[in-house]
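Chain by chain, the residues run as shown.
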Amino acid sequence: MSDKKTSNQMWGGRFASGPAAIMEAINASISFDRKLYAQDIRGSIAHSQMLAQTGIISAADQEKIAHGLNTILKEIEAGSFEFSTKLEDIHMNVEARLADLIGPTAGRLHTARSRNDQVAVDLRLWVKDECFRVAEALKGLIMALLARAEEHAATVMPGFTHMQAAQPVTFGHHCMAYVEMFSRDLSRVRDAIERMDESPLGAAALAGTSFPIDRHQTAKALGFREPMRNSLDGVSDRDFALEFLAMAAICATHLSRLAEEIIIWSTPQFGFIRLSDSFSTGSSIMPQKKNPDAAELVRGKTGRVNGHLVGLLTVMKGMPLTYGKDMQEDKESVFDAAETLDLMLAAMTGMVSDMTVNAAAMKKAAGSGHATATDLADWLVRTLGLPFREAHHVTGRAVALAEEKKVGLEKLSLDDLQSINPGITSDIFSVLAVQNSVKSRVSFGGTAPSEVRKQIRAWKKRIAKA
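Attention in this report is confined to the structure presented alongside it. (Residues numbered from 1 in each chain as written. Predicted model: local features only at pLDDT ≥ 70, side-chain atom pairs only at ≥ 80, totals over all residues. Heavy atoms only, no water.)

## Digging into the overall build of the chain
Helix and strand counts for the chain come out as 20 helices and 6 strands. Against the 2.2 N^0.38 benchmark of 23 Å for 466 residues, the chain shows a C-alpha radius of gyration of 31 Å, more extended than a compact globule. Projecting the C-alpha coordinates of the chain onto the three principal axes gives extents of approximately 100 × 60 × 40 Å. Looking at the chain as a whole, 49% of its 466 residues qualify as buried. For the chain, long-range pairs separated by at least 24 residues make up 73% of all intrachain contacts whose partners lie at least 6 apart in sequence. Within the structure as shown, the chain displays about 22400 Å² of accessible surface, and the carbon and sulfur contribution to it stands at 54%. (Helix = DSSP H or I, 4+ residues; strand = E, 2+ residues; numbered from the N terminus. Rg over C-alpha atoms; globule rule 2.2 N^0.38 Å. Buried < 20%, exposed > 50% of the residue type's maximum accessible area, 1.4 Å probe, protein only. Contact = heavy atoms within 4.5 Å. Areas by Shrake-Rupley, 256 points an atom, 1.4 Å probe, with all protein chains shown as cover.)

Below you can see the structure in the form of structure tokens.
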């Protein structure tokens, strides 16, 4: 057996040419960082314009560079650009093609910069753009929830703790809870944009450059508020990526919670809602089945997004200043999390918008489990002046009696209730109906339909200004 054959067997069939093939496979990032092509070209054009305006390169060279870069942009968008793994990444692929188009002048573009600050600005621009997309998607989901909340501001349903019916609420109020959650996600996205709105371009490899560059000019040209103030931090910071992933993970968790409720509500046992055929599938063997697959996939994909956050945190926790090749692992997690979150938001907005609400089933369930027991206790405190703990005890006895008789609290007779506390009058029945229960919850942020409508109006104004 020849040495060459032995070597090939040792490295494995996929890497037939030995260590060089393995190094190329592990080192190249073009398979995924090609997604940064628009940001890379945008950053290069801004850099070349600054080089020309500061006299570092000639205006003629800058014009040739910009024309070549715009040509490359059109080639990539047309699908005619040939990416090469031998050129490692998007930066070298673009630079090599630029040299093909304009000759040695292309070499002037990389004056006063490094791939370290180049990739940092590319990814930061991409994440910033994605944050704006997520913000718009969140606004769309919030508007869908507001529409359902307004439609069902007075639709009674059970509120749950420990997955047990606790107190009656309205479906509108329940929808508004998710408006609050997703509005916090929207706030986090905007906060993240504010913090990442600094340009690393010009930090060069790690120490800055001796060329008389104007970093404020390139920052402004690229839409950043200002340049980053430390070159070491400029090339090594990935907080913006981590913050995006953290925001995405929290948002995905909120989406998963709503997805879980949709899954439960759509079961025959609950029957609170019915998903449209657009967001459901059937069974290959059971013709009666209608599965909430879109909601289940939203729930499942949350683990994927959460995993990306943990993955990048683990990469970064051992990184000394400044750049290490480990940081190449930032992109796939960010790209996949962004694509996944975009899809989850779109699916949830669709489900919320076109699901059918079964108000009758919700109302029936709202009265189960003696859900107005707290209303009875509150009435005893308010009307008879009982201390709440004593009222709680009286109500517990009433619940026990209702269970013994196998009826709801509202079906107990006045004699039954007076046998527990003689002070109880027929007025008690006004608070034992679920509809009256929800109407009474008029505290700020409560479930009373009047209060829900106030919150809907307030949120509509806030989102319109967002």
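Let us keep going from here.
## Concerning helix α20 (residues 449-465)
In a regular helix each residue adds 1.5 Å, so 17 residues correspond to 24 Å; α20 covers 25 Å between its end C-alpha atoms and thus fits that length. If you follow the buried residues of α20, they end up packed against α7 (115-151), β2 (164-170), α8 (171-196) and α19 (434-440). (Expected span 1.5 Å × (residues − 1).)

## Considerations on the pattern of salt bridges
Following the criterion strictly, the structure yields 27 salt bridges and no others. Taking the shortest distance from any N to any O, the salt bridge between Glu136 and Lys139 comes out at 3.6 Å. Taken together, the positions of Glu136 and Lys139, both in helix α7 and 3 residues apart, correspond to about one turn of that helix. Measuring nitrogen to oxygen at the nearest pair gives 3.4 Å for the salt bridge that ties Arg225 to Glu198. (Salt bridge = Lys/Arg side-chain N within 4 Å of Asp/Glu carboxyl O.)

## Considering the packing of aromatic side chains
In the structure shown here, the tally under the stated rule is 6 aromatic pairs. Here Phe160 and Phe270 contribute two aromatic rings whose centre-to-centre distance is 6.2 Å and whose plane-to-plane angle is 50°, an arrangement assigned as tilted. Of the two residues, Phe160 is situated in strand β1 (residues 156-161) and Phe270 in the loop between α11 (239-265) and β5 (273-274); the sequence distance between them amounts to 110 residues. According to the relative accessible area criterion, Phe270 is partly exposed, its value standing at 26%. With a centroid separation of 5.2 Å and 75° between ring planes, the pair formed by Phe270 and Phe272 is classed as edge-to-face. Here the aromatic residues Phe160, Phe270 and Phe272 are joined through ring pairs into a cluster of three or more. Directly above the aromatic system of Phe335 lies the positively charged group of Lys35, at a separation of 5.6 Å from the ring centroid. Over the ring of Trp126 we find Arg133; its NZ or CZ atom is 5.7 Å from the centre of that ring. (Phe/Tyr/Trp six-rings, centres within 6.5 Å; stacked < 30°, edge-to-face > 60°. Lys NZ or Arg CZ within 6 Å of the ring centre and 35° of its normal.)

## Structural notes on the environment of Gly234
When you line up the elements, Gly234 lands in helix α10 (residues 231-236). Classification of Gly234 by relative accessible area gives buried; the value is 2%. Taking the C-alpha atoms as reference points, Gly234 and Ala60, separated by 174 residues in sequence, lie 30 Å from one another. Ignoring sequence-local partners within four residues, the contact set of Gly234 consists of Ala120, Pro200 and Met228.

## Description of the state of the cysteines
This structure, assessed with the given rule, holds 0 disulfides. The structure places no disulfide on Cys131, whose sulfur is separated from the nearest cysteine sulfur, that of Cys251, by 11 Å. Among the cysteines around Cys175, which has no disulfide bond, Cys251 carries the closest sulfur, lying 16 Å off. (Disulfide = S-S within 2.5 Å.)

## Comments concerning the packing of α7 against α20
Running from N to C, α7 and α20 cross one another at 155°; their axes reach a closest spacing of 11 Å. The angle between α7 and α20 falls in the class roughly antiparallel. Here α7 runs over α20; the crossing is left-handed. Here Lys139, Ile142, Met143, Leu146, Ala149 and Glu150 of α7 lie close against α20, whose contacting residues are Ile456, Trp459, Lys460 and Ile463. (Axes fitted to C-alpha atoms, helices over the stretch in contact; angles between N-to-C directions. Parallel < 35°, antiparallel > 145°, perpendicular 65-115°, else oblique. Left-handed = near helix turned anticlockwise from the far one by under 90°.)

## Let's talk about a positive patch on the surface
On the surface, a cluster of positive charge is made up of Arg453, Arg457, Lys461 and Lys465. Looking at the element boundaries, Arg453 is found in helix α20. On the basis of relative accessibility, which here comes to 38%, the residue Arg453 falls in the partly exposed class. (Patch = residues over 30% accessible without salt bridge, like charges linked within 9 Å, V, L, I, M, F, W, Y side chains within 5 Å. Lys, Arg positive; Asp, Glu negative; His and termini not counted. Charge placed at Lys NZ, Arg CZ, Asp CG, Glu CD.)

## Notes on the nonpolar core
Grouped together as the largest cluster of nonpolar side chains are 97 residues, with contacts concentrated most on Leu255, Met348 and Met351. For this core, the element with the highest residue contribution is α11, accounting for 16 residues. Non-local contacts of Met348, meaning those with residues more than four positions away in its chain, are made with Leu141, Leu255, Leu258, Ala259, Ile262 and Val298. Grouped together as the second largest cluster of nonpolar side chains are 20 residues, Val394, Ala402, Leu417 and Ile420 included. (Core = buried A, V, L, I, M, F, W, Y, C linked by side-chain atoms within 4.5 Å.)

## What about the pairing of β2?
For β1 and β2, the ladder comprises 6 bridges, and the chain directions are antiparallel. Counterpart to Met157 in the pairing with β2 is Val169. The hairpin turn running from β1 into β2, its antiparallel successor, is 2 residues long, and His162 in that turn takes a positive phi close to 55°. (Pairing = 2+ DSSP bridges.)

## Remarks on unusual backbone geometry
Residue Thr322 follows Leu321 across a cis peptide bond; omega there is 10°. Summarising the element assignment, Thr322 is placed in the loop between α12 (293-316) and α13 (330-354). Despite not being glycine, Ala112 shows a phi value in the positive range, around 65°. Positionally, Ala112 belongs in the loop between α6 (90-102) and α7.

## Notes on the packing of α7 against α11
Where α7 meets α11, the closest approach of the two axes is 10 Å, and the angle between their N-to-C directions is 20°. Of the possible angle classes, the one that applies to α7 and α11 is roughly parallel. Like other packed secondary-structure pairs, α7 and α11 cross with a definite hand, here left-handed. Contacts from Ala120, Leu123, Arg124, Val127, Glu130, Cys131, Val134, Leu138, Leu141 and Leu145 in α7 reach Phe240, Phe244, Met247, Cys251, Leu255 and Leu258 in α11. By residue class, the composition of the contact of α7 with α11 is 14 nonpolar, no polar and 2 charged. (Nonpolar A, V, L, I, M, F, W, Y, C, P; charged D, E, K, R; others polar.)

None of the figures reported here should be taken as evidence of function without further support.
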